Amino acid sequence: MGIRDQFAAKAQQLEERAQQAARSAQDEAPERASKARTPVREQDRSGDEAMQEAQDRFDLDYDA
């Protein structure tokens, strides 16, 4: 197997891998889109709660 054949084989592998990645991305796209449309997730709520708690502590410190 010559160098030319090695490069051709490697190019073929990379092309197949790229096509497989593209198919995978197309298959996952609807799932990612539905997650993006979800209004509020649990982690968003926990972040809001943490911000509220920090604000409450700040208010207590300056009310005294």
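Residues numbered from 1 in each chain as written. Predicted model: local features only at pLDDT ≥ 70, side-chain atom pairs only at ≥ 80, totals over all residues. Heavy atoms only, no water.

A.B. asks: Would you mind showing me how to read the overall build of the chain here?
C.D. replies: Looking only at helices and strands, the chain features 2 helices and 0 strands. Looking at the chain as a whole, 0% of its 64 residues qualify as buried. Looking at the chain as shown, the accessible area adds up to about 6,100 Å², and 52% of this sits on carbon and sulfur atoms. (Helix = DSSP H or I, 4+ residues; strand = E, 2+ residues; numbered from the N terminus. Buried < 20%, exposed > 50% of the residue type's maximum accessible area, 1.4 Å probe, protein only. Areas by Shrake-Rupley, 256 points an atom, 1.4 Å probe, with all protein chains shown as cover.)

A.B. asks: I would appreciate a short explanation of the pattern of salt bridges in the present structure.
C.D. replies: One side chain can pair with another of opposite charge once the charged atoms of both are near each other. According to the stated counting rule, one finds 1 salt bridge in the structure shown. Across the pair Arg57 and Glu53 runs a salt bridge, and its minimum N-O distance is 3.5 Å. Of the two residues, Arg57 and Glu53 are both situated in helix α2 (residues 42-63); the distance of 4 residues between them amounts to about one turn of the helix. What makes Arg57 partly exposed here is its relative accessible area of 47%. Take Glu53: its relative accessible area is 47%, and that puts it in the partly exposed class. (Salt bridge = Lys/Arg side-chain N within 4 Å of Asp/Glu carboxyl O.)

A.B. asks: Looking at this model, I keep getting lost on helix α1 (residues 3-37). Mind explaining?
C.D. replies: Helical periodicity: at 3.6 residues per turn, an α-helix aligns residues three or four positions apart in one direction. The terminal C-alpha atoms of α1, which comprises 35 residues, lie 50 Å apart, in line with the 51 Å expected from a rise of 1.5 Å per residue. In the structure, α1 departs most strongly from a straight axis at Glu28, where the bend amounts to approximately 40° and where the proline Pro30 lies between one and four residues downstream. (Expected span 1.5 Å × (residues − 1). Bend = angle between axes of the 7 residues up to and from the residue.)

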